[in-house]
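Breakdown of the fold
Residues per chain are reported as follows:
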Amino acid sequence: MLFDVRLLVPDDALPTYALARLREPTLSPQAWAAELARPVAEEGTFAAFCGSTPRGLLRYMLARAAAGAEVFVIRWVTAFDLIDPQRVAEDLIAAVREREALAGRVTAWAPGVPSGPGFDSAVAEDAVLHSVL
């Protein structure tokens, strides 16, 4: 699947709110807008868009390892697709990991699986996935 993956800004709160609520049903529009307004140097949200429709969200935080390396920590992922939401999640995770690797950051995942083969699938399996079928 080909998606436009980009970092969300506060103006994206309304179009991505429904997808964010799939992960957290009690989330209010104001709370979601506040999350997107936090400094991206600390935490933020990437989204995968198909045209103008958001299909997946990946929330992250940045940390620093004891050795000084900057670590990009995936906090949660949610995705929607009519048939295969896991594929949407995996594609989003792979695109973000590639971007972070180019920036010299190590990617980690809060529940902690090794960052090797199968990493994207393991993270996607823990994602909140929604489909019609």
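Residues numbered from 1 in each chain as written. Predicted model: local features only at pLDDT ≥ 70, side-chain atom pairs only at ≥ 80, totals over all residues. Heavy atoms only, no water.

1. Focus on the overall build of the chain
In terms of regular secondary structure, the chain is built from four helices and six strands. The buried share of the chain, reckoned over its 133 residues, is 39%. Within the chain, contacts between residues separated by at least 24 positions form 58% of all contacts whose residues are at least 6 apart in sequence. Of the accessible surface of the chain, which amounts to about 7000 Å², a share of 57% is contributed by carbon and sulfur atoms. (Helix = DSSP H or I, 4+ residues; strand = E, 2+ residues; numbered from the N terminus. Buried < 20%, exposed > 50% of the residue type's maximum accessible area, 1.4 Å probe, protein only. Contact = heavy atoms within 4.5 Å. Areas by Shrake-Rupley, 256 points an atom, 1.4 Å probe, with all protein chains shown as cover.)

2. Points about the packing of helix α1 (residues 13-23) against helix α2 (residues 29-37)
Each packed pair of helices is defined by two parameters, the angle between the axes and the distance between the axes. Here α1 crosses α2 at 110°, and the two axes come no closer than 10 Å. Judged on the interaxial angle alone, α2 and α1 are roughly perpendicular. Between α1 and α2 the crossing geometry is right-handed. Taken together, the residues of α2 that come into contact with α1 (itself represented by A13, T16, Y17 and A20) are P29, W32, A33 and L36. Considering only residue class, the contact of α1 with α2 consists of seven nonpolar, one polar and no charged. (Axes fitted to C-alpha atoms, helices over the stretch in contact; angles between N-to-C directions. Parallel < 35°, antiparallel > 145°, perpendicular 65-115°, else oblique. Left-handed = near helix turned anticlockwise from the far one by under 90°. Nonpolar A, V, L, I, M, F, W, Y, C, P; charged D, E, K, R; others polar.)

3. Things to note about the nonpolar core
Nonpolar side chains tend toward joint burial in soluble globular proteins. Formed by 17 residues in total, the largest nonpolar core has its most connected members in F46, L58, F72, I74 and V77. Contributing elements (two or more residues each) for this core: β2 (43-50), β3 (53-64), β4 (70-80) and α3 (85-102). A total of five residues in this core trace back to one element, the largest contributor, which is α3. Each residue touching F46, except ones within four places of it in the same chain, is listed here: V5, R6, L7, G56, L57, L58, Y60, F72, L92, V96, R99 and E100. Y17, L19, A20 and F49 belong to the second largest nonpolar core, which has 12 residues in total. (Core = buried A, V, L, I, M, F, W, Y, C linked by side-chain atoms within 4.5 Å.)

4. Details of the packing of aromatic side chains
How two aromatic rings sit relative to each other is set out by the distance from centre to centre and by the angle between their planes. With the rule as written, the count across this model stands at four aromatic pairs. Here F46 and Y60 contribute two aromatic rings whose centre-to-centre distance is 5.7 Å and whose plane-to-plane angle is 40°, an arrangement assigned as tilted. With F46 in strand β2 and Y60 in strand β3, the pair connects residues that are 14 residues apart, well separated along the chain. A residue is classified by how much of its surface remains accessible, and Y60, at 4% relative accessible area, is buried. Grouping aromatic residues by their ring pairs yields a cluster made of F46, Y60 and F72. (Phe/Tyr/Trp six-rings, centres within 6.5 Å; stacked < 30°, edge-to-face > 60°.)

5. Remarks on the pairing of β4
The buried fraction of β4 amounts to eight of the 11 residues, a majority that puts the element mostly inside the structure. Here β3 runs beside β4; their pairing, made up of nine bridges, is antiparallel. Bridge pairing in β4 places Y60 opposite I74. If you look at the hairpin formed by β3 and β4, you'll find five residues sitting between the two strands, and G68 has a positive phi there, around 95°. In terms of strand pairing, β4 meets strand β5 (residues 106-109) through four bridges, oriented parallel. Each bridged residue has a counterpart across the sheet, and for F72 the counterpart in β5 is T107. (Pairing = 2+ DSSP bridges.)

6. Notes on the environment of P39
Counting through the fold element by element, P39 comes out in the loop between α2 and β2. P39 sits in the partly exposed class, given a relative accessible area of 45%. Taking the C-alpha atoms as reference points, P39 and V9, 30 residues apart in sequence, are found 9.9 Å from one another.

Treat this as a map of the structure, not an account of what it does.
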